[in-house]
Amino acid sequence: MALRHLKRVFVQFTPGDPKAVSAREFLQRLTGEKAKKSNPQCNVEFSIAEDAQPGKAFVELMYSDGEQQKIMTADYPVGELTKIIERKGTEIELKQVLSEVKGYDPWKPENRVAITQRKA
């Protein structure tokens, strides 16, 4: 798991909660050697909520662009959590590349690609 586009990750879960499996596995992946090497500055924190209700595990993400996201992990397998981070990382990289192209604004109407439908 690559953390290069993350500044901070916070994981909270209740021990023994069967719906917190993805949160626990996600935390395990975050603390692996490969993940740590991908961004040593990323702050990974966690909390074990002894008195929380089952199914309330969550992950809070702070990305390098300042955007924050809270995900209730009971609804997601760990692979989907990873994909969410990867998609946001791709978005951050694309915005950075586009900002380096002087004078190009992809959101201006004249710079949009027109999609036309063929007549049958």
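Preceding this paragraph is the structure being described.
Novice: Just to check I follow, could you spell out the environment of isoleucine 71 for this structure?
Specialist: Relative to the elements of secondary structure, isoleucine 71 occurs in strand 4 (residues 68-72). With a relative accessible area of 5%, isoleucine 71 lands in the buried category. Taking C-alpha positions, isoleucine 71 is 9.8 Å from isoleucine 84, a pair spaced 13 residues apart along the chain. When residues no more than four places from it in sequence are discounted, the contact partners of isoleucine 71 are Ala57, Phe58, Val59, Leu61, Tyr76, Leu81 and Ile84.

Novice: Is there a simple way to explain the sheet that holds strand 4 in this structure?
Specialist: Consider a sheet: its strands pair through backbone hydrogen bonds, and that pairing is either parallel or antiparallel. Within the open sheet, the four strands sit side by side as 2-1-3-4. Their pairing is mixed. Each end of this open sheet is capped by a strand with a single partner; those strands are strand 2 (43-48) and strand 4. Neighbour-to-neighbour, the strand axes of the sheet open up by a mean angle of 10°, direction not taken into account. Bridge count for strand 1 (residues 6-13) against strand 2 is six bridges, and the pairing is parallel. In the strand pairing of strand 2, glutamine 12 is matched with serine 47. Sitting on the sheet, helix 3 (residues 78-100) touches strand 1, strand 3 (58-63) and strand 4, and the angle it makes with strand 3 is about 15°.

Novice: Hey, could you run me through the pattern of salt bridges in this one?
Specialist: Between side chains of opposite charge, a pair can form as their charged atoms come close. Taken as a whole, this structure holds nine salt bridges when the rule is applied. Its salt-bridge partner being arginine 4, residue glutamate 93 comes within 3.5 Å of it at the nearest N-O pair. Taken together, the positions of glutamate 93 in helix 3 and arginine 4 in the segment before strand 1 put the pair 89 residues apart, joining distant regions of the chain. For lysine 88, the salt bridge is made with aspartate 65, and the minimal N-O distance between the two is 2.9 Å. Here aspartate 65 lies in the loop between strand 3 and strand 4 and lysine 88 lies in helix 3, a separation of 23 residues in the sequence. With a relative accessible area of 6%, lysine 88 lands in the buried category. Connected through salt bridges with shared partners, the residues Asp65, Glu67, Lys88, Glu91 and Lys95 form a single ionic network.

Novice: Can you walk me through the side chain of serine 22 in this structure?
Specialist: As for its position among the elements, serine 22 is in helix 1 (residues 21-30). Contacts of serine 22, omitting those with residues within four sequence positions, involve Thr73, Tyr76, Pro77, Val78 and Leu81.

Novice: Mind showing me how you'd approach the side chain of aspartate 17 here?
Specialist: With respect to the secondary-structure elements, aspartate 17 resides in the loop between strand 1 and helix 1. Although buried, aspartate 17 forms no salt bridge, and the nearest oppositely charged side chain, arginine 24, lies 6.3 Å from it. A distance of 2.9 Å separates a polar side-chain atom of aspartate 17 from the backbone nitrogen of lysine 19. If we skip the residues at most four places from it in the chain, aspartate 17 touches Arg24, Gln53, Pro54, Gly55 and Lys56.

Novice: I would appreciate a short explanation of the packing of aromatic side chains in the present structure.
Specialist: Where two aromatic rings form a pair, the distance of their centres and the angle of their planes describe that pair. One pass over the full model with this rule turns up one aromatic pair. Judged by centre distance (5.9 Å) and plane angle (45°), the rings of phenylalanine 10 and phenylalanine 58 are tilted. Of this pair, phenylalanine 10 sits in strand 1 while phenylalanine 58 sits in strand 3, and the two are 48 residues apart along the sequence. With respect to class, phenylalanine 10 is no different from phenylalanine 58; both count as buried.

Cut-off values and rules
- Residues numbered from 1 in each chain as written.
- Predicted model: local features only at pLDDT ≥ 70, side-chain atom pairs only at ≥ 80, totals over all residues.
- Heavy atoms only, no water.
- Helix = DSSP H or I, 4+ residues; strand = E, 2+ residues; numbered from the N terminus.
- Buried < 20%, exposed > 50% of the residue type's maximum accessible area, 1.4 Å probe, protein only.
- Contact = heavy atoms within 4.5 Å.
- Pairing = 2+ DSSP bridges.
- Axes fitted to C-alpha atoms, helices over the stretch in contact; angles between N-to-C directions.
- Salt bridge = Lys/Arg side-chain N within 4 Å of Asp/Glu carboxyl O.
- Lys, Arg positive; Asp, Glu negative; His and termini not counted.
- Polar contact = N/O pair within 3.5 Å; in protein donor to acceptor, adjacent residues only side chain to side chain.
- Phe/Tyr/Trp six-rings, centres within 6.5 Å; stacked < 30°, edge-to-face > 60°.

Keep in mind that these numbers describe shape and distance, not what the molecule does.
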